[in-house]
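# Fold and geometry: a report
Chain residues, written in single-letter form:
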Amino acid sequence: MIDSHAHLAMFPADERRAVLDRAGEAGVRAVLVPATGRDDIDAVVEIAGLGEGRTPAAVGFHPHEASACDTVWKRCVERLIESPGVVAIGEIGLDYHYDLSPREDQRRVLAWHLGLARERGMPVILHHREAWQDFLAALDAVPGVRGVAHSFTEGADGVDEMTRRGLFVGISGMVTFPKGDNIREAARAVPAGRLLLETDSPYLAPVPHRGKRNEPAFVKLVLAEVARVREVDPAQLERETDSAFEELFLSRPPHVVEEGRGETAEGKR
Ligand SMILES: [Zn+2]
């Protein structure tokens, strides 16, 4: 089992080992650790470097932090994505719910990250909230980027919009929430090879831990609920989601993206 999205850098440094041990005991063999910006970017790179492959990381600026992503930080991101264990750019996206950065900054910084991802041939981890049309427009402006729309909330039609663009879909513990019908619908709609599971720790703890601090071990509960709604054997779902994760994050695509070219083989599907 793999937790494809957990903010391990937000846990106190002296608790991370125990958190990962509990995950290991629950059967979790890898945890992808995304950055959100200035406060955790160094910590995720350090976690990736020390993790011996169990804690690959993503580097980038969350839409909340977009305004802080100036030229100096951009050079920093460009350098840090070359670090050992860094497998993706993220998490990046648009969040018009909180609007913690002006929307124009969010769009500009997302476009910059997507361009970098295409240039380097790296996958992205995408966050979106109440920004659906602008989110789709941003993706279409930089076609051919591989990635995952994490903690997906848009239902079955939204899943189609993502998979049409060659993207994966991440389902979080919200799938266990009583009001999570749209997420259960999405969890049913994702094609097997495109589905990832995640906790989004320390947020969004699944039932029965709701309201408490989430942690990667609880991805087991996400797996159980997604298996139930898809009516598949949990062991089969585990194999499918593990290999989807490996395909997206741990294998370089067969095509090398040429700088300055608009389309890749992936984008033409
Ligand atoms: Zn996140």
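Definitions and limits used
- Within each chain, residue numbers correspond to sequence positions counted from 1 in written order.
- Only residues with pLDDT of at least 70 get local features here, since the model is predicted, and only at 80 or more are side-chain atom pairs given and counted; chain-wide, interface and lining totals rely on the full set of residues.
- To obtain the side-chain values, all non-hydrogen atoms of the structure were included, while hydrogens and water were left out.
- Helix and strand assignments follow DSSP, with helices taken as H or I runs no shorter than four residues and strands as E runs no shorter than two, numbered in order from the N terminus.
- In this treatment the radius of gyration is a C-alpha quantity, and the globule benchmark scales as 2.2 Å times the residue count to the 0.38 power.
- When checking whether two residues touch, look at their non-hydrogen atoms; a contact exists if any pair is within 4.5 Å.
- All accessibility values rest on the Shrake-Rupley procedure with a 1.4 Å probe; residue burial counts only the protein chains present in the view.
- The charge count includes Lys and Arg as positive and Asp and Glu as negative, but it does not include His or the ends of the chains.
- For charged residues, the charge sits on one atom: NZ in Lys, CZ in Arg, CG in Asp, CD in Glu.
- For Na, K and Ca the donor cutoff is 3.2 Å, while for all other metals N, O and S atoms count as donors only within 2.8 Å; water does not appear among the atoms, so some sites may look incomplete.
- Geometry assignment treats four donors as tetrahedral when all angles are between 85 and 135 degrees, treats four as square planar and six as octahedral when opposite donors are over 155 degrees apart and all others between 65 and 115, and treats everything else as irregular.
- Think of it in three bands: with a 1.4 Å probe and only protein chains considered, a residue is buried below 20% of the maximum accessible area for its type, exposed above 50%, and partly exposed in between.
- Any two of the Phe, Tyr and Trp rings considered here, Trp counted by its six-membered ring, make a pair once their centres fall within 6.5 Å; the pair's planes then place it as stacked at under 30 degrees, edge-to-face at over 60, or tilted in between.
- What counts as a salt bridge is simple: a side-chain nitrogen of Lys or Arg found within 4 Å of a carboxyl oxygen of Asp or Glu.
- For two strands to be treated as a pair, DSSP must find at least two bridges joining them.
- A fitted line through C-alpha atoms represents every axis, and for helices the fit uses only the stretch in contact; the resulting angles, taken between N-to-C directions, go from 0 to 180 degrees.

## A word on the overall build of the protein chain
Regarding its fold elements, the protein chain presents nine helices and nine strands. Relative to the globule expectation of 18 Å for 269 residues, the C-alpha radius of gyration of the protein chain, 17 Å, shows essentially globular dimensions. Seen along its three principal axes, the alpha-carbon backbone of the protein chain occupies a region of about 45 × 40 × 35 Å. Pairs at least 24 apart in sequence give 73% of the contacts found in the protein chain among residues at least 6 apart. Carbon and sulfur atoms provide 49% of the accessible area of the protein chain, an area that totals close to 11,700 Å². Considering the protein chain, the positive charge centre built from 33 side chains and the negative charge centre built from 44 side chains are found 1 Å apart.

## Some points on the coordination of the zinc ion
Note on the zinc ion: its protein donors are His5 (NE2), His7 (NE2), Glu91 (OE) and Asp200 (OD). The metal-donor distances range over 2.1 to 2.6 Å. Given four donor atoms and angles of 85 to 172 degrees at the metal, the environment of the zinc ion is assigned as irregular. Judged by its relative accessible area of 9%, Asp200 falls in the buried class.

## A closer look at the packing of aromatic side chains
Given two aromatic rings, one states the distance between the centres and the angle between the planes to describe the pair. Under the counting rule described, the total for this entry stands at four aromatic pairs. Look at Trp132 and Phe152: their rings are 6.0 Å apart centre to centre, the planes differ by 70 degrees, and that puts the pair in the edge-to-face class. You can see Trp132 sitting in helix H5 (residues 132–141) and its partner Phe152 sitting in the loop between strand E7 (147–149) and helix H6 (155–164), a full 20 residues away along the chain. Residue classification places Trp132 among the buried positions, given a relative accessible area of 16%. The exposure class assigned to Phe152 is buried, which follows from its relative accessible area of 1%. The structure contains a cluster of three or more aromatic residues connected by ring pairs, namely Trp132, Phe135 and Phe152.

## Thoughts on the pattern of salt bridges
Applying the stated criterion across every chain, the model contains 16 salt bridges. A salt bridge links Arg29 to Asp242, with the nearest nitrogen and oxygen atoms 3.1 Å apart. Of this pair, Arg29 sits in the loop between helix H1 (16–25) and strand E2 (30–31) while Asp242 sits in helix H9 (residues 234–250), and the two are 213 residues apart along the sequence. On the accessibility criterion, Arg29 (42% relative accessible area) is partly exposed. Among the residues examined, Asp242 registers a relative accessible area of 8% and is labelled buried.

## Comments concerning the sheet that holds strand E8 (residues 168–171)
Strand order across the open sheet formed by seven strands is E3-E4-E5-E6-E7-E8-E9, with parallel pairing between neighbours. At either margin of the open sheet sits one strand with a lone partner, and together these are strand E3 (33–34) and strand E9 (195–197). Examined bridge by bridge, strand E5 (residues 86–95) and strand E6 (residues 124–129) share five bridges and lie parallel to one another. Its bridge partner being in E6, Asp95 is matched across the sheet by Arg129. Of the strands in this sheet, E5 and E6 are in contact with helix H4 (residues 103–120), which crosses E5 at around 155 degrees. Of the strands in this sheet, E5 and E6 touch H5, which is tilted by about 155 degrees from E6.

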